[in-house]
Amino acid sequence: MNEPEAPFANVAIIGLGLIGGSVGLAVHETMPKVRTYGWDADAHVREVAAERNLAHAIPANIDDAVADADLVVLCVPVRAMESVAAQLKGKLKPTCVISDVGSCKKSVADAIARQLPGQPIVPAHPVAGTEHSGPEAGFASLFQNRWCIVTPAEGVDQAHVDKVIAFWRAMGATVETMAPDHHDRVLAVTSHVPHLIAYTIVGTASDLEEVTRSEVIKYSAGGFRDFTRIAASDPTMWRDVFLSNKDAVLEILQRFSEDLTALQRAIRWGDGDALFDRFSKTREVRRSIIEEGQDDARPDFGRHDHGDAPGAGMPGDDSD
Ligand SMILES: NC(=O)C1=CN([C@@H]2O[C@H](COP(=O)(O)OP(=O)(O)OC[C@H]3O[C@@H](n4cnc5c(N)ncnc54)[C@H](O)[C@@H]3O)[C@@H](O)[C@H]2O)C=CC1
Ligand SMILES: O=C(O)C(=O)Cc1ccc(O)cc1
């Protein structure tokens with residue numbers, strides 16, 4: 001079978017942690033003719049990345065990493081995107097497409113456009129990851145059968161958008177396009193606020209007095225264990241997500257805290273019907289997700305035999 005032509009010949013990846021490293025490995029596996037260049041601000045990360053072959057070439061400076069690039073993918077924490085973009089001024093081919101993998105899109109796209117006006121910018125967000133980070137954490141199959149949301153700026157040439165979509169599809173992702181601020185509201189509910197809740201409950205448990213805390217660890221049931229996995233996620237990355245997606249996160253948190261107050265009131269006043277109604281509704285949400293074959297973040301989970309669904313038992317999947 002003939003391999004489809006890769007959309008970009010030379011790809012530069014800036015930031016060689018979990019996501020950047022996975023992009024490098026996935027490109028090597030799925031688009032073997034593509035030449036990859038990598039760079040990271042941390043020299044130790046560059047060393048580990050070279051040992052793991054996360055990119056074909058990892059030069060000592062960023063200029064050499066991007067000079068020949070047809071696509072640059074920024075894979076750094078969201079509040080570091082602007083300073084990296086600033087370093088790229090005057091260093092790129094005029095046709096080079098700039099993309100990123102940030103967990104929030106509006107502020108990142110604005111920041112990149114401020115620094116690189118005139119350069120084609122096509123942001124993307126692979127909705128795939130783990131609680132692990134760093135150059136050891138990446139793996140080639142991370143994006144297989146996962147969503148990737150592309151959020152093109154208005155007015156960007158459709159040919160560039162199509163190539164970025166083809167790039168993510170080649171790595172196994174299912175791509176959807178969305179307006180950046182809509183993306184940020186959706187992800188605030190489905191990812192950002194859930195992470196904040198996990199950080200909160202695990203923090204609350206760890207602040208309990210000594211005896212109780214050891215019991216929390218000893219008796220931690222499934223639900224709490226899941227929270228501890230999420231709450232082990234990278235502090236720099238998540239600090240940046242909350243500060244960059246401030247408005248959408250605060251809006252959802254406001255609604256969350258009103259709903260929590262209603263439950264608190266029902267408990268205080270012994271209003272069993274209110275509790276029962278709420279829990280019945282949320283049970284329906286779960287049931288409809290399963291009926292739609294979405295018992296997982298994977299786009300076509302449920303249409304496979306679960307045992308060998310792509311990604312099952314992947315590194316970083318600590319669920320037990
Ligand atoms: N961790 C996850 O599950 C997911 C993360 N993302 C997004 O991907 C991006 C990267 O996240 P991870 O790979 O998880 O983080 P990571 O911490 O594993 O890797 C980030 C890398 O960026 C480097 N870096 C930081 N500032 C830099 C700068 N100014 N110049 C060059 N390199 C710099 C760090 O040294 C590090 O190696 C973030 O924007 C995050 O929001 C998107 C989807 C999932
Ligand atoms: O590990 C998990 O459960 C995640 O939720 C991974 C993740 C983290 C951040 C993203 O923007 C997308 C996916």
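This text goes with the structure placed above it.
Now for a description of the structure that goes with this document. (Residues numbered from 1 in each chain as written. Chains lettered and ligands numbered in written order. Predicted model: local features only at pLDDT ≥ 70, side-chain atom pairs only at ≥ 80, totals over all residues. Heavy atoms only, no water.)

**Considerations on the site of ligand 1**
- Within the structure, ligand 1 sits among 27 residues, and Ile19, Asp40, Val76, Ser103 and Gly134 are positioned closest to it.
- For ligand 1, an oxygen atom lies 2.6 Å from a polar atom in the side chain of aspartate 40.
- In the model, an oxygen atom of ligand 1 is placed 3.4 Å from a nitrogen or oxygen of the threonine 130 main chain.
- A total of 830 Å² of accessible area belongs to ligand 1 in isolation, and the protein chains cover 86% of it.
- Sorting the residues of the shell around ligand 1 by element identifies helix H1 (18–30), helix H4 (81–87) and strand S5 (124–126) as the ones contributing at least two each.
- Here the residues of the shell around ligand 1 are counted per class, giving 16 nonpolar, nine polar and two charged. (Near = heavy atom within 4 Å. Polar contact = N/O pair within 3.5 Å; in protein donor to acceptor, adjacent residues only side chain to side chain. Areas by Shrake-Rupley, 256 points an atom, 1.4 Å probe, with all protein chains shown as cover. Helix = DSSP H or I, 4+ residues; strand = E, 2+ residues; numbered from the N terminus. Nonpolar A, V, L, I, M, F, W, Y, C, P; charged D, E, K, R; others polar.)

**Quick look at the site of ligand 2**
- In the region of ligand 2, the neighbouring residues are Ser103, His125, Ala128, Gly129, Thr130, Glu131, His195, Arg229, Ile230, Met237 and Trp238.
- The contact in question runs from an oxygen atom of ligand 2 to an N or O atom on the side chain of serine 103, over 2.7 Å.
- Between arginine 229 and ligand 2, the recorded distance is 2.7 Å, taken from a side-chain N or O atom to an oxygen atom.
- Within the complex, 82% of the 340 Å² of free accessible area of ligand 2 lies under protein.
- Contributions of two or more residues to the shell around ligand 2 are made by helix H9 (222–231) and helix H10 (235–244).
- Residue composition of the shell around ligand 2, grouped by class: four nonpolar, five polar and two charged.

**Quick notes on the sheet that holds strand S4 (residues 97–100)**
- Pairing within the open sheet is parallel, and its four strands lie in the order S2-S1-S3-S4. One side of each edge strand has no neighbouring strand; the edge strands of this open sheet are strand S2 (35–39) and S4. Geometrically, the sheet is characterised by an average inter-axis angle of 20° between neighbouring strands, direction not taken into account.
- Two elements, strand S1 (residues 10–14) and strand S3 (residues 71–74), share four bridges in a ladder whose sense is parallel. Bridging from a neighbouring strand, alanine 12 pairs with valine 72 of S3. (Pairing = 2+ DSSP bridges. Axes fitted to C-alpha atoms, helices over the stretch in contact; angles between N-to-C directions.)

**Digging into a nonpolar patch on the surface**
- Taken together, the side chains of Val285, Ile289 and Ile290 make up a nonpolar region of the molecular surface, amounting to roughly 230 Å² of accessible area.
- With respect to the secondary-structure elements, valine 285 resides in helix H12 (residues 272–291). (Patch = residues over 30% accessible without salt bridge, like charges linked within 9 Å, V, L, I, M, F, W, Y side chains within 5 Å. Salt bridge = Lys/Arg side-chain N within 4 Å of Asp/Glu carboxyl O.)

**Some remarks on the sheet that holds strand S6 (residues 147–150)**
- The sheet built from three strands is open, its strands ordered S5-S6-S7 with mixed pairing. The open sheet terminates on both sides in strands that have one partner only, identified here as S5 and strand S7 (174–177). The mean angle between the axes of side-by-side strands here comes to 20°, regardless of whether they run parallel or antiparallel.
- In terms of strand pairing, S6 meets S7 through four bridges, oriented parallel. Paired with valine 150 across the bridge in S7 is threonine 177.
- Here helix H6 (residues 158–170) sits on the sheet and contacts S5, S6 and S7; the angle it forms with S7, its principal contact strand, is near 150°. (Contact = heavy atoms within 4.5 Å.)

**Focus: the packing of helix H7 (residues 180–206) against H10**
- Between H7 and H10, the shortest axis-to-axis distance is 11 Å and the interhelical angle comes to 125°. When the interaxial angle is binned, H7 and H10 end up oblique. Taken as a pair, H7 and H10 cross one another with a handedness that is left-handed. The residues of H10 that touch H7, namely those facing Ser191, His192, His195, Leu196 and Tyr199, are Trp238, Val241 and Phe242.
- Along the lines of polarity and charge, the residues of the contact of H7 with H10 split into five nonpolar, three polar and no charged. (Parallel < 35°, antiparallel > 145°, perpendicular 65-115°, else oblique. Left-handed = near helix turned anticlockwise from the far one by under 90°.)

**Some words on the packing of aromatic side chains**
- By the definition in use, this model includes four aromatic pairs.
- Taken together, a centroid distance of 5.0 Å and an interplanar angle of 90° make the contact between phenylalanine 143 and tryptophan 168 edge-to-face. Of the two residues, phenylalanine 143 is situated in the loop between S5 and S6 and tryptophan 168 in helix H6; the sequence distance between them amounts to 25 residues. Residues phenylalanine 143 and tryptophan 168 agree in their burial class; the two are buried.
- In this structure an aromatic cluster arises from ring pairing among Phe8, Phe143, Phe167 and Trp168.
- If you follow arginine 35 out to its NZ or CZ, it ends over the ring of tyrosine 37, 5.4 Å from the centre. (Phe/Tyr/Trp six-rings, centres within 6.5 Å; stacked < 30°, edge-to-face > 60°. Buried < 20%, exposed > 50% of the residue type's maximum accessible area, 1.4 Å probe, protein only. Lys NZ or Arg CZ within 6 Å of the ring centre and 35° of its normal.)

**Looking at the environment of phenylalanine 242**
- Examined against the element boundaries, phenylalanine 242 turns out to sit in helix H10.
- Look at phenylalanine 242 and you get buried, because its relative accessible area is 16%.
- Put simply, phenylalanine 242 and tyrosine 199 are 43 residues apart on the chain and 12 Å apart in space, counted from C-alpha to C-alpha.
- With residues near it in sequence (within four places) discarded, phenylalanine 242 still touches His192, His195, Leu196, Tyr199 and Val249.

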